[in-house]
Protein chains: 2
Amino acid sequence: MSNAVSPLAPKHVPDLPPLGGVRLATAAAGIRYKGRTDVLLALLDPGTTVAGVFTTSKCPSAPVEWCRGKLKGGKARALVVNSGNANAFTGKTGRASTALTAKIAAKAVGCSVDDIFLASTGVIGEPLDATKFDGVLGTLAQQAEADLWHDAAKAIMTTDTFFKVATATVKIGKAKVTINGMAKGAGMIAPDMATMLSFVFTDAPLSASVLQSLLKAGVANTFNAVTIDGDTSTSDTLLAFATGAAKDAPKIARASDPRLKAFVKAFNAVLADLAEQVARDGEGARKLVEITVEGATTDKSARRIAMSIANSPLVKTAIAGEDANWGRVVMAVGKAGEPADRDKLSIAFNGIRVAKNGARDPSYDEAEVSKAMKDDVIRIKVALGLGKGRDRVLTCDLTKEYVAINGDYRS
Amino acid sequence: MSNAVSPLAPKHVPDLPPLGGVRLATAAAGIRYKGRTDVLLALLDPGTTVAGVFTTSKCPSAPVEWCRGKLKGGKARALVVNSGNANAFTGKTGRASTALTAKIAAKAVGCSVDDIFLASTGVIGEPLDATKFDGVLGTLAQQAEADLWHDAAKAIMTTDTFFKVATATVKIGKAKVTINGMAKGAGMIAPDMATMLSFVFTDAPLSASVLQSLLKAGVANTFNAVTIDGDTSTSDTLLAFATGAAKDAPKIARASDPRLKAFVKAFNAVLADLAEQVARDGEGARKLVEITVEGATTDKSARRIAMSIANSPLVKTAIAGEDANWGRVVMAVGKAGEPADRDKLSIAFNGIRVAKNGARDPSYDEAEVSKAMKDDVIRIKVALGLGKGRDRVLTCDLTKEYVAINGDYRS
């Protein structure tokens, strides 16, 4: 498996400032990987609220079930993440393992197990030996520091070729608040599950219900608008924590409060930044692909059509081949099952219109398009000409490297 | 692009007997390919009935729209198929081109344009110059012979690595009737669209409505249960013709007539045989994959789960890598959105159970499974343990060759 950093990795990695109420520590517990950290403990001060969104899989992992259950309390004192073993499809052993991990963490932190949140990523179907956390978590709780964000983002990686962080500072009323986030990428399941995990922290004083509203609204056009291969991990988890350490900030009771406007924008920008980094690190990706659909009957219809294009192996292989193959885009529009009129379709690649009114654009210059297709970001725009529905999703190309990463590891 | 015959090609190709009421001819019209035939004319005796099923694409090709319109008459005198140009996404030019092709064919055959059926496969977005058929179809109508089934199947190929035919002989009452069929394979769109086309002929005297009922019922578990890459051509077409030349056979008015029982079985077997050959010639395919889902709440639910597995890039790349990766199968079950209980799932590869009750089967022998995964046919069985719903679909693995075929042709 290639360890080369994706050519689409961001050129600049931001420093993440300390964030009141959060302390971090990492360790190498030897769960699966040698010579690298594989456990993250995030300590959260009392009063921290929590929100979460999870995989829609009907076969979720044990940690996903754990978090769903604990979310009702709305409070969190610690997050424990391990890489190397997903604790997914491990039956009753899996449930016992999450319970034991939470018990060890609660003891280390000095809180109730109900305030412990868990995420695991890595091999699936293998029992996770939670006794490995015994001792480790106690030590980590002692060592935790405010300034270890990059280390934290590295500890949760599996097949990621770069660590993913984002940050924003913004005002609520007159108080400065910070948002720090990290993510790990998606694409592959066992034996090295590349589940999508993301954790976002803020010192803003937000109730759990406000945080949940913001998170649910925020993922729709960020994490839920990214697809690598159309496959859905059993462990996808996005948790948000609000410590309330920004004491001067006004307490906000409703997500629609106008004083939150700048915060919501920054929060969504952090989610969008992390989600785009996930697409940029799609397995084997050589090109980031943005698909915009406009003129659909509704936004929902535009989303379905955009996802049909984004998940089409024929569209994705064409982009890998640097081919502005609009015929395959038409195919993917047609198979989406949504209202579309072939004879009103127009399609552009990186701003160059190649098809209009259901046929090749007569002004289309093959040489110009071929040159544009060499860019490492490809923007496909499809105009349906039916209504005002619009959406945008991100994906990556489908390369031989993807097949190699996911099919060759036994050889 | 590789021209090597798929390692999954059938070892035996049947001879197709002459079939009363059908005469065939092929020509090299130079539509796109050099040095090979690219036009098929099938002449059908007066009284021939016709039925058809087509792509569900919302952006169908001009020939698909033409056939749908003409199907209402229920009669056919000729089928014209060209390879090399799909006449898809060609706007108004496309409609004019189908009309002109039908006019030329009707003149050559001496019938109404309403009795002409058309199918095109090949590059999309390029205008099809129908004047190329002028002269050619007249000559073909003169030359047509009863014994050219293999030549016919070759003329309709695009990226297929072998031609696909199937035949059956069966009795209706005391009369012997024949069913002959041909197909071309699926997987790739422009510039060499590998649309799925299939044409099935019988000399049984069946009304158009009986034939349509049989065809609609027959495709559900054959052609509609095959997927290569989840992409849907704008041109997929399956037409059935019944000449009625088997004069001694009783006329059948209802598809449910018990005298049709053996015929229906044989008809479905021909469709199943052709559909399996399409899967065996999936682009880049090295393994034929059969996915059986049982214990679902309904058959429809089983189909959706089976298709979710069959279209999962992670499952398909694992099979290419000869890895019995049941974790990815769980993932694909989970993402289908259908009722499933992780802790009741069991999964077998080629008869070897690898997972049961939501965890790894303790008796699972890695060496035995690894050996089984080297077979060129992989049978995945998923038991959900919820109800009596059951289904079976066919697909193939996802190899680097698939990416090469669909992404490399510009280089």
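No experiment lies behind these values; they were computed from the predicted model shown.

Enquirer: Help me out: how do you make sense of the overall build of chain A in this one?
Expert: Of the regular secondary structure elements, chain A holds eleven helices and 15 strands. Expected size for 411 residues packed as a compact globule is a radius of gyration near 22 Å; at 22 Å, chain A falls within 12% of this value. Seen along its three principal axes, the alpha-carbon backbone of chain A occupies a region of about 70 × 55 × 35 Å. Counting across all 411 residues of chain A, residues that qualify as buried make up 62%. Long-range contacts, defined as pairs at least 24 residues apart, comprise 80% of the intrachain contacts of chain A with a sequence gap of at least 6.

Enquirer: Help me out: how do you make sense of the interface of chain B and chain A in this one?
Expert: Accessible area lost during the coming together of the parts is what is often quoted as the interface size. Across the contact, 54 residues belong to chain B and 54 residues belong to chain A. Mapped by element, the contributors of at least two residues to the side of chain B that touches chain A are helix H2 (91–109), helix H8 (313–320), helix H9 (326–335), strand S13 (359–360) and helix H11 (400–407) of chain B. By residue number, the principal contributor to the side of chain B that touches chain A is H9 of chain B, which donates eight residues. A per-class count over the side of chain B that touches chain A returns 20 nonpolar, 21 polar and 13 charged.

Enquirer: Explanation requested: the relation of the copies chain B and chain A in the structure shown.
Expert: Both copies of the chain are tied together by a single rotation about an axis and a shift running along it. With an RMSD of 0.0 Å, the operation that places chain B on chain A is a rotation of 180° combined with a shift of 0.0 Å along the axis. With respect to symmetry, the two chain copies, as superposed, fit the operation of a two-fold axis. Using C-alpha coordinates, one finds that chain B approaches the rotation axis most closely at Lys 400 of chain B, a distance of 2.5 Å. The share of interface residues of chain B whose copies in chain A are also at the interface is 100%, consistent with both copies meeting through the same surface.

Enquirer: Looking at this structure, I do not really get the sheet that holds strand S4 (residues 78–85) of chain A. What am I missing?
Expert: Sheets are built from strands that pair by backbone hydrogen bonding, the pairs being arranged parallel or antiparallel. All names here are of chain A. On the basis of which strands lie adjacent, the open sheet formed by four strands has the order S1-S2-S4-S5 and mixed pairing. In this open sheet, the two strands that pair with only one neighbour each are strand S1 (22–27) and strand S5 (116–123). Going across the sheet, the axis of each strand differs from the next one's by a mean of 10°, ignoring polarity. Looking at chain direction, strand S2 (residues 39–44) and S4 are connected through five bridges and run antiparallel. Within the sheet, the bridge partner assigned to Ala 42 lies in S4 and is Leu 79.

Enquirer: Hey, could you run me through helix H5 (residues 208–220) of chain A in this one?
Expert: Structural remark: α-helix, 3.6 residues per turn; residues separated by three or four positions point the same way. With 13 residues, H5 of chain A ought to run about 18 Å at 1.5 Å a step, and its terminal C-alpha atoms sit 19 Å apart, in line with that. Those residues of H5 of chain A that are buried lie in contact with strand S3 (49–54), strand S9 (237–242) and helix H6 (261–280) of chain A.

Enquirer: Just checking my understanding: could you explain the packing of H5 of chain A against H6 of chain A for this structure?
Expert: All names here are of chain A. Contact geometry for H5 and H6: axes closest at 9 Å, N-to-C directions at 50°. What the angle tells us is that H5 and H6 run oblique. Judged by the sense of rotation from one axis to the other, the crossing of H5 with H6 is right-handed. Contacts from Leu 214, Gly 218 and Val 219 in H5 reach Val 264, Phe 267, Asn 268 and Leu 271 in H6.

Enquirer: Where do I start with the sheet that holds strand S12 (residues 352–356) of chain B in this structure?
Expert: All names here are of chain B. The strand order S13-S12-S11-S14-S10-S15 describes an open sheet built from six strands, whose pairing is mixed. What marks the edges here is a single partner per strand, and that holds for S13 and strand S15 (389–396). In this sheet, strand S14 (residues 377–383) lies alongside strand S11 (residues 346–349) in antiparallel orientation, the contact comprising four bridges. Bridge pairing links Ala 348 to Lys 381 in S14. Running at roughly 50° to S15, helix H6 (residues 261–280) makes contact with strand S10 (288–296) and S15 of the sheet.

Enquirer: So what exactly am I meant to see when it comes to unusual backbone geometry here?
Expert: Residues apart from glycine generally show negative phi values, whereas peptide bonds are mostly found in trans. Even without being glycine, Phe 89 of chain A reaches a positive phi, approximately 55°. You can see Phe 89 of chain A is positioned in the loop between S4 and helix H2 (91–109). In the Ramachandran plot, Glu 322 of chain B falls in the positive-phi region, its phi being about 55° despite a non-glycine side chain. We classify Glu 322 of chain B as buried; it has 21 C-beta atoms within 10 Å.

Enquirer: Mind showing me how you'd approach helix H7 (residues 299–310) of chain B here?
Expert: Residue and element names in this part refer to chain B. Between its terminal C-alpha atoms H7 stretches 16 Å, which fits the 16 Å expected from twelve residues at 1.5 Å a residue. For H7, the tally of buried residues reaches nine of twelve residues, placing the bulk of the element in the interior. Buried within H7 we find Ser 301, Ala 302, Arg 303, Ile 305, Ala 306, Met 307, Ser 308, Ile 309 and Ala 310. Summarising the contacts, the buried residues of H7 are in contact with S10, H8, H9, S14 and S15.

Enquirer: How should I be thinking about the confidence of the model for chain A in this particular structure?
Expert: Detail in the predicted coordinates should be disregarded across regions flagged by low pLDDT. Chain-level pLDDT for chain A is 91 on average; 96% of the residues reach the 70-or-more range. Throughout residues 189–193 of chain A the model reports pLDDT below 50, and contacts reaching past four residues in sequence, or to other chains, amount to 26 contacts.

Enquirer: Hey, could you run me through the domain arrangement of chain A in this one?
Expert: Residues and elements named next belong to chain A. The domains assigned to chain A are domain 1 (22–280) and domain 2 (288–407). Between the C-alpha centres of domain 1 and domain 2 there is a distance of 33 Å. The interface is formed by ten residues belonging to domain 1 together with eleven residues belonging to domain 2.

Enquirer: Sorry, what's going on with the nonpolar core here?
Expert: Across soluble globular proteins, nonpolar side chains have a tendency to be buried as a group. Ranked by internal contacts, the top residues of the largest apolar core, which has 292 residues, are Ala 78 and Val 333 of chain A together with Ala 78 and Val 333 of chain B. Setting aside anything within four residues of it in sequence, one finds Val 333 of chain A in contact with Ile 305, Ile 309, Ala 340, Leu 345 and Val 382 of chain A together with Cys 59 of chain B.

Enquirer: Explain the environment of Arg 95 of chain A to me, please; I cannot follow it from the model alone.
Expert: Mapped onto the elements of the fold, Arg 95 of chain A is located in helix H2. In this structure the C-alpha to C-alpha distance between Arg 95 of chain A and Asp 38 of chain A, which are 57 residues apart in sequence, comes to 20 Å.

Enquirer: How should I be thinking about the pairing of strand S12 (residues 352–356) of chain A in this particular structure?
Expert: Side chains on a regular strand alternate between the two faces of the sheet. All names here are of chain A. As paired strands, strand S11 (residues 346–349) and S12 are joined by three bridges and run antiparallel to one another. When the sheet's bridge partners are listed, Ala 348 is paired in S12 with Arg 353. Connecting the antiparallel pair S11 and S12 is a turn made up of two residues, with Asn 350 showing a positive phi of about 45°. The pairing of S12 with strand S13 (residues 359–360) spans two bridges and is classified as antiparallel.

Enquirer: Even after reading the chapter, I still don't get the packing of helix H1 (residues 62–70) of chain B against H2 of chain B, so can you show me in this structure?
Expert: The description of two helices packed together rests on the angle between their axes and the distance between the axes. Residue and element names in this part refer to chain B. Two numbers describe how H1 lies on H2: the axes approach to 9 Å, and their chain directions differ by 55°. Here H1 lies oblique to H2, going by the angle between them. As for the relative orientation of H1 and H2, their crossing is right-handed in sense. For the pair H1 and H2, contact is made by Ala 62, Pro 63 and Trp 66 and by Gly 94, Arg 95, Ser 97, Thr 98 and Ala 102, respectively. A per-class count over the contact of H1 with H2 returns four nonpolar, three polar and one charged.

Enquirer: Mind showing me how you'd approach the environment of Cys 67 of chain B here?
Expert: Residue and element names in this part refer to chain B. Summarising the element assignment, Cys 67 is placed in helix H1. The class for Cys 67 is buried, based on 23 C-beta atoms found within 10 Å. Residues Cys 67 and Asp 115, 48 residues apart in the sequence, show an inter-C-alpha distance of 9.7 Å. Once residues lying within four places of it in the same chain are set aside, the contact partners of Cys 67 are Gly 52, Phe 54, Phe 117, Leu 118, Thr 237 and Leu 239.

Enquirer: Help me out: how do you make sense of the environment of Asn 311 of chain B in this one?
Expert: All names here are of chain B. Structurally, Asn 311 is set in the loop between H7 and H8. Asn 311 sits 86 residues away from Asp 397 along the chain, and the two C-alpha atoms are 9.7 Å apart. Setting aside chain neighbours within four positions, we find Asn 311 in contact with Thr 227 and Gly 230.

Enquirer: When you look at the pairing of strand S8 (residues 197–202) of chain B in this model, what are you seeing that I'm missing?
Expert: All names here are of chain B. Among the six residues that make up S8, six are buried, leaving the element largely enclosed by the rest of the structure. Where strand S7 (residues 175–184) lies against S8, six bridges are found, and the strand directions are antiparallel. By the bridge assignment, Ile 179 is partnered in S8 with Thr 202. Here S8 pairs with strand S9 (residues 237–242) via six bridges, running parallel. Counted as the bridge partner of Ser 198 is Leu 238 from S9.

Criteria and thresholds
- Residues numbered from 1 in each chain as written.
- Chains lettered and ligands numbered in written order.
- Predicted model: local features only at pLDDT ≥ 70, side-chain atom pairs only at ≥ 80, totals over all residues.
- Helix = DSSP H or I, 4+ residues; strand = E, 2+ residues; numbered from the N terminus.
- Rg over C-alpha atoms; globule rule 2.2 N^0.38 Å.
- Buried ≥ 20, exposed ≤ 12 C-beta atoms within 10 Å, placed from the backbone.
- Contact = placed C-beta atoms within 7 Å.
- Nonpolar A, V, L, I, M, F, W, Y, C, P; charged D, E, K, R; others polar.
- Least-squares fit on C-alpha atoms with pLDDT ≥ 70 in both.
- Pairing = 2+ DSSP bridges.
- Axes fitted to C-alpha atoms, helices over the stretch in contact; angles between N-to-C directions.
- Expected span 1.5 Å × (residues − 1).
- Parallel < 35°, antiparallel > 145°, perpendicular 65-115°, else oblique.
- Left-handed = near helix turned anticlockwise from the far one by under 90°.
- pLDDT = per-residue confidence, 0-100.
- Domains from an automatic or database assignment.
- Core = buried A, V, L, I, M, F, W, Y, C linked by C-beta atoms within 7 Å.

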